[in-house]
Amino acid sequence: MSLPQPKIPFGPDDYLAWEQDQPTRSEYVDGEVFAMSGASDAHGTAAGNLFAGLHAHLRGTPCKPFIADMKVHVEAANSFFYPDILVTCDPRDRSAEASHVKRHPLLIVELLSPSTEAYDRGNKFAAYRTLAALQEYVLVSLEERRIEVFRRDDSGHWVLYPFALDEQLELASVGLRCPVAEVFEGVEGE
């Protein structure tokens with residue numbers, strides 16, 4: 001009887017080379033790869049609305065928003081994630097080496113679903129908090145039609161700023177204010 005073979009670690013470089021040829025996106029978390037499922041109509045609509053507002057607001061600045069298909073490398077967590085939306089203003093994220101992976105986002109947005117909410121609030125947020133450049137982490141609840149902004153304060157603590165459907169969303173990291181209702185415009189039931 002033969003002994004089981006030791007598991008060969010799947011390193012970050014292996015993941016990047018492998019994932020480049022895959023038909024679907026997968027996130028990498030410390031040696032493990034997780035396939036990502038498709039988004040609902042509500043998810044796509046809300047993400048598109050917020051991305052459109054960010055894109056228009058940031059036009060002509062050194063900041064650039066990305067939606068869904070841009071990876072973020074969280075080196076301290078040995079992970080690569082695909083946030084729903086990210087914004088980076090860092091010149092290092094504009095280099096040729098950063099064309100497929102960003103390392104210095106100042107804003108990350110995740111739209112919550114029942115299958116990802118606990119992870120987005122827990123381990124993923126813990127990983128994101130290790131990003132030195134990150135100033136705001138935004139969770140958009142499609143079911144409850146509310147937005148939670150976790151903002152890093154001057155002492156490095158993360159403070160929650162909740163926004164209800166009838167309020168103005170404030171993303172201080174990029175100087176954007178807009179009605180929360182605009183983010184949910186056209187969103188049918190989740």
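Sequence order as written defines residue numbering, which begins from 1 separately in each chain. In keeping with the predicted nature of the model, local features appear solely for residues at pLDDT of at least 70, side-chain atom pairs appear and are counted solely at 80 or more, and the whole-chain, interface and lining totals rest on all residues. Only hydrogens and water are set aside when side-chain values are computed; all heavy atoms of the structure are taken into account.

## Description of the overall build of the protein
Segments assigned H or I by DSSP are reported as helices when at least four residues long, segments assigned E as strands when at least two residues long, and all are numbered from the N terminus. A count of helices and strands for the protein gives five helices and 13 strands. The globule rule is 2.2 Å times the number of residues to the power 0.38, and the radius of gyration it is compared with is taken over C-alpha atoms. Taken against the 2.2 N^0.38 rule, which gives 16 Å for 190 residues, the C-alpha radius of gyration of the protein at 17 Å falls within 12% of a compact globule. Summarising its shape, the C-alpha atoms of the protein cover approximately 65 × 40 × 35 Å along the three principal directions. Considering only intrachain contacts with a sequence separation of at least 6, the fraction spanning at least 24 residues in the protein is 50%. In this analysis, two residues are considered to be in contact whenever any of their non-hydrogen atoms come within 4.5 Å of each other.

## A short note on the side chain of S79
Inspection of the secondary structure assignment puts S79 in strand β5 (residues 79-81). Only protein chains enter the area calculation, which uses a 1.4 Å probe; residues under 20% of their type maximum are buried, those over 50% are exposed, and those in between are partly exposed. Accessibility expressed as a relative area gives 1% for S79, which makes it buried. For the purposes of these results, a polar contact is taken to be a pair of N or O atoms within 3.5 Å, where, inside protein, one atom must be able to donate a hydrogen and its partner to accept one; residues adjacent in sequence count only when each atom of the pair is a side-chain atom. From its side chain, S79 meets the backbone oxygen of A77 in a polar contact 2.8 Å long. Not counting chain neighbours up to four residues away, the residues in contact with S79 comprise Y28, V29, D30, V72, H73 and V74.

## Looking at the side chain of S173
Along the chain, S173 turns up in the loop between β12 (168-171) and β13 (176-179). Beyond its immediate chain neighbours, meaning those up to four positions away, S173 contacts L106, L107, Q135 and E136.

## Quick word on the state of the cysteines
The disulfide criterion is simple: two cysteine sulfur atoms within 2.5 Å. By the definition in use, this model includes one disulfide. Across the disulfide from C63 sits C89; the S-S distance is 1.8 Å. Taking the sign of the torsion about the S-S bond as the criterion, the disulfide between C63 and C89, at about 105°, is right-handed. One end of the pair, C63, is in the loop between α2 (41-58) and β3 (64-67); the other, C89, is in the loop between β6 (85-88) and β7 (101-102), with 26 residues separating them in the sequence. Given the relative accessible area of 17%, C63 is considered buried.

## Some words on the sheet that holds β5
Two strands pair if DSSP finds at least two bridges between them. Reading across the sheet, the five strands line up as β2-β1-β5-β4-β7 and stay open at both edges, with mixed pairing between neighbours. At either end of the open sheet lies a strand with only one pairing partner, and these are β2 (32-35) and β7. Along the sheet, helix α1 (residues 12-20) makes contact with β1 (26-29), β2, β4 (71-74), β5 and β7, crossing β1 at roughly 175°. Helix axes are fitted only over the stretch in contact, all axes being lines through C-alpha atoms; the angle between N-to-C directions runs from 0 to 180 degrees.

## Re the layout of surface pockets
Site definitions follow a grid-based scheme: protein atoms alone, a 1 Å grid, a 1.4 Å probe that fits but cannot get out for cavities, and for pockets an open set with protein on both sides within 12 Å along at least five of seven lines, plus lining residues having an atom within 4 Å of a point. Grid points are joined across faces, edges and corners, and a volume is the space filled by probe spheres set on the points. Taken as a whole, the largest pocket holds about 630 Å³ of empty space. Around the largest pocket, the lining is made up of 28 residues, and of these M36, S37, H43, D84 and T116 lie nearest the centre. Those elements that place two or more of their residues in the lining of the largest pocket are β1, β2, α2, β8 (105-112) and α3 (117-121). Classification convention: Asp, Glu, Lys, Arg as charged; Ala, Val, Leu, Ile, Met, Phe, Trp, Tyr, Cys, Pro as nonpolar; all other residues, Gly among them, as polar. Its residues assigned to classes, the lining of the largest pocket shows 12 nonpolar, nine polar and seven charged. Empty space within the second largest pocket amounts to approximately 200 Å³. The wall of the second largest pocket is formed by L16, E19, Q20, Q22, T24, R25, D69, K71, Y82 and H100. For the lining of the second largest pocket, the element with the highest residue contribution is α1, accounting for three residues.

## What to know about α2
For a helix, the expected span equals 1.5 Å multiplied by the residue count minus one. Compared with the 26 Å implied by 1.5 Å per residue over 18 residues, the 25 Å span of α2 between its first and last C-alpha is a close match. Those residues of α2 that fall on the buried side of the exposure criterion are A42, H43, A46, A47, L50, L54 and L58. Projected down its long axis, α2 shows its buried positions confined to an angular sector of 120°, all on one face. Looking at the buried side of α2, the elements it contacts are β3, β6, β8, β12, β13 and α5 (180-183). A positive phi of about 85° marks G60, the residue just after α2. Directions from the helix axis toward the C-beta atoms define the arc.

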